[in-house]
Amino acid sequence: MKKTEKSTGMSKNILWACLISASNPLIWASPIAQAAPQYSESPHSIVSSGPSYADIADLADEAPIIAHVLIRNSIPLSEKHAGVVPPGYRRLYIEADVMALIRGEGGVSPSVSYLYDAPIDTRGKTAKLKKVQMLLFARQGTRPGDIQLVARDAQIPATSADMEQVKNIVSALVAPGAPPRIIGPGDAFHVSGTIAGEGETQIFLRTENGDPVSLSIIRRPGQEPRWAVALGEIVDEAARPPQPGSLLWYRLACALPPTLPPRSIRALSVPDAEAAQADYRLVMQALGQCDRTRQVR
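Just so you know, these numbers come straight off a predicted model, no measurement behind them. Residue positions are given per chain, counting from 1 as you read along its sequence in written order. Reporting in this predicted model follows two pLDDT cut-offs: at least 70 for local features of residues, and 80 or more for side-chain atom pairs to be given and counted; totals over whole chains, interfaces and linings ignore these cut-offs and use all residues. As a convention, hydrogens and water are excluded, and side-chain values are obtained from all of the structure's heavy atoms.

1. Overview of the state of the cysteines
Defined simply, a disulfide is a covalent bond joining two cysteines at their sulfur atoms. In what follows, a disulfide is any cysteine sulfur pair within 2.5 Å. Per the counting criterion, the structure on display carries one disulfide. Between the sulfur atoms of Cys 254 and its disulfide partner Cys 290 the distance amounts to 2.1 Å. The sign of the 90 degrees torsion about the S-S bond sets the Cys 254-Cys 290 disulfide as right-handed. Of this pair, Cys 254 sits in the loop between helix 6 (247-253) and helix 7 (270-287) while Cys 290 sits in the segment after helix 7; the two residues are 36 residues apart in sequence, bridging distant segments of the chain. Secondary structure elements follow DSSP: runs of H or I no shorter than four residues count as helices, runs of E no shorter than two count as strands, and numbering proceeds from the N terminus.

2. Section: helix 7
Helix span, expected: 1.5 Å multiplied by one less than the number of residues in the helix. Taking 1.5 Å of rise per residue, 18 residues should cover 26 Å, and helix 7 covers 26 Å from first to last C-alpha, within 8% of that figure. Buried positions along helix 7 lie against strand 7 (182-192), strand 8 (199-207), strand 9 (213-219), strand 10 (226-231) and helix 6. Phi for Gly 288, located one or two positions after helix 7, is positive at around 80 degrees. Every residue pair with non-hydrogen atoms within 4.5 Å of one another is taken to be in contact.

3. Describing the pattern of salt bridges
The salt bridge criterion pairs a side-chain nitrogen of Lys or Arg with a carboxyl oxygen of Asp or Glu, the two atoms within 4 Å. As enumerated under the stated definition, the model contains 15 salt bridges in all. Among the salt bridges present, the one from Glu 62 reaches Arg 181, with a minimum N-O distance of 3.9 Å. You can see Glu 62 sitting in helix 3 (residues 53-62) and its partner Arg 181 sitting in the loop between helix 5 (160-174) and strand 7, a full 119 residues away along the chain. Assessed through its relative accessible area of 13%, Glu 62 is described here as buried. If you follow the salt bridges from partner to partner, you end up with Asp 61, Glu 62, Arg 181, Glu 208 and Arg 251 in one network. In this scheme, a residue with accessible area under 20% of its type's maximum is buried, one over 50% is exposed, and one in between is partly exposed, where area comes from a 1.4 Å probe on protein chains only.

4. So, unusual backbone geometry
Here the phi dihedral of Lys 131 falls at roughly 70 degrees; this positive angle occurs in a residue that is not glycine. For Lys 131, a relative accessible area of 67% corresponds to the exposed category.

5. Here's the deal with the environment of His 190
When you line up the elements, His 190 lands in strand 7. Separated by 26 residues in the primary sequence, His 190 and Ser 216 place their C-alpha atoms 9.8 Å from one another. When near neighbours in sequence (up to four residues on either side) are disregarded, His 190 contacts Gly 199, Glu 200, Thr 201, Leu 268, Asp 272, Ala 275 and Asp 279. In terms of polar contacts, His 190 uses its side chain to reach the backbone carbonyl oxygen of Glu 200, at 3.3 Å. Here a polar contact is taken to be a pair of N or O atoms separated by no more than 3.5 Å, where protein atoms must pair a possible hydrogen donor with a possible acceptor and residues adjacent in sequence count only if both atoms sit in side chains. Polar side-chain contacts of His 190 include one of 2.7 Å to the side chain of Thr 201.

6. Thoughts on the pairing of strand 8
Because side chains alternate across strand 8, one face comprises the buried residues Gly 199, Thr 201, Ile 203, Leu 205 and Thr 207, and the other comprises Glu 200, Gln 202, Phe 204 and Arg 206, none of which is buried. Looking at chain direction, strand 7 and strand 8 are connected through eight bridges and run antiparallel. Note on strand 8: the bridge partner recorded for His 190 is Thr 201. Between strand 7 and strand 8, which follow one another and run antiparallel, lie six residues, and Gly 197 among them has a positive phi close to 85 degrees. Think of it this way: DSSP has to see at least two bridges between two strands before they count as a pair. Examined bridge by bridge, strand 8 and strand 9 share seven bridges and lie antiparallel to one another. In the strand pairing of strand 9, Thr 201 is matched with Ile 217. Where strand 8 hands over to strand 9, the hairpin turn is made up of five residues, of which Gly 210 adopts a positive phi near 85 degrees.

7. Regarding the sheet that holds strand 7
Ordered by their spatial adjacency, four strands build an open sheet running 7-8-9-10, and the pairing between neighbours is antiparallel. The open sheet is flanked by strand 7 and strand 10, the only strands paired with a single partner. Each adjacent strand pair in this sheet contributes to an overall mean axis angle of 20 degrees, direction not counted. Only C-alpha atoms enter the line fits that serve as axes; for helices the fit covers just the stretch in contact. Angles between N-to-C directions range over 0 to 180 degrees.

8. A few points about the nonpolar core
Residues Tyr 114, Phe 137, Leu 215 and Leu 252 are the most contacted members of the largest nonpolar core, which totals 64 residues. Discounting residues that sit within four places of it in the chain, Tyr 114 has contacts with Ile 71, Leu 92, Tyr 93, Ile 94, Ala 96, Leu 136, Ile 147, Leu 149 and Gln 155. The definition of a nonpolar core used throughout is a set of buried Ala, Val, Leu, Ile, Met, Phe, Trp, Tyr and Cys residues joined through side-chain atoms within 4.5 Å.

9. Notes on the confidence of the model for the protein chain
The predictor reports its confidence for every residue as pLDDT, a score running from 0 up to 100. The predicted model of the protein chain averages 84 in pLDDT, with 81% of residues at 70 or higher. Counting interchain partners and residues more than four positions distant, the pLDDT-below-50 stretch residues 1-8 has one contact.

10. Considering the environment of Ala 158
Along the chain, the position of Ala 158 falls in the loop between strand 6 (155-157) and helix 5. Counting along the chain gives 22 residues from Ala 158 to Leu 136, while the straight-line C-alpha distance between them is 8.9 Å. Look past the residues within four positions of Ala 158 in its chain and what remains in contact with it is His 68, Gln 133, Met 134, Leu 135 and Met 163.

11. Side note on the packing of aromatic side chains
Two aromatic rings, drawn from Phe, Tyr or Trp (for Trp, its six-membered ring), form a pair once their centres lie within 6.5 Å of each other, and the interplanar angle then sorts them: stacked below 30 degrees, edge-to-face above 60, tilted otherwise. Within the structure shown, the criterion is met by three aromatic pairs. Both rings, one in Tyr 53 and one in Tyr 250, keep their centres 6.4 Å apart while their planes meet at 65 degrees; by these two values the pair is edge-to-face. Of the two residues, Tyr 53 is situated in helix 3 and Tyr 250 in helix 6; the sequence distance between them amounts to 197 residues. By the burial criterion, Tyr 53 is buried, and Tyr 250 matches it. Centroid distance Phe 189 to Phe 204: 6.0 Å. Interplanar angle 80 degrees. Geometry classified as edge-to-face. In this pair, Phe 189 is assigned in strand 7 and Phe 204 in strand 8, connecting sequence segments 15 residues apart. Linked through ring pairs, Tyr 53, Trp 249 and Tyr 250 together constitute an aromatic cluster. Whether a charge lies above a ring is judged from NZ of Lys or CZ of Arg, which has to be within 6 Å of the ring centre and within 35 degrees of the ring normal. Looking at Arg 152, its charged tip hangs above the ring of Tyr 89, at a distance of 5.6 Å from the centre.

Below, the structure written as structure tokens:
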């Protein structure tokens, strides 16, 4: 292909991308409105450190397409064609070659194009992306080869550590019996024992798909409290707390509030409600803080 023909073709592709951006102000919206990502006012937070387990799980959970790509072209869009871009960012039109498809039923084109809002540094510059390998979290666009990132920060450097993390998370997401998305606590129940310090609490959790998930906490005099999470109708005696940095841990630590809401204990007596709250706090303390560094709404 002659250089002029190649340039004309690229210009047409950029113009089409600009039209998509202009006609779709929600181009960065997540498919689930309640979980749509919203980002820090400081654009530099995206590049200041690597993503955490929760950050990658957020993106992988939303992305029907996860690809390892090599960026071939990175072209800044003019203000006229870029549409509404948040302060601290510059919108780029990117063309990339797919090196590996980590997730994507039906496959993806060997070459993809997409829009990316690149953070601007203190000099007003964006990082050089040409010939850089990236991991993309995306969905199909309107034309073959077009994709849309599921969030503004859904492009991360393809480091070996992050590649391995992504593969592990995707394997956990698609595994049979994978833990569902948790909406929040449901009803809580507490039964006191026959002697002081003895009791059992069970807390049902509300899930997006309706699958049963529950927490159980058992206290015995002279013993450390024991708690476990069950995925199913029956609480298995062998159930244990989730491993930190696992998908089940992420589902719990990053979705549950610090205390039980009033609706969860509305049917309990005051002593039983207080015991259920104490047991729930025990679980939240054991889970620890969600390690998410990105902001979601």
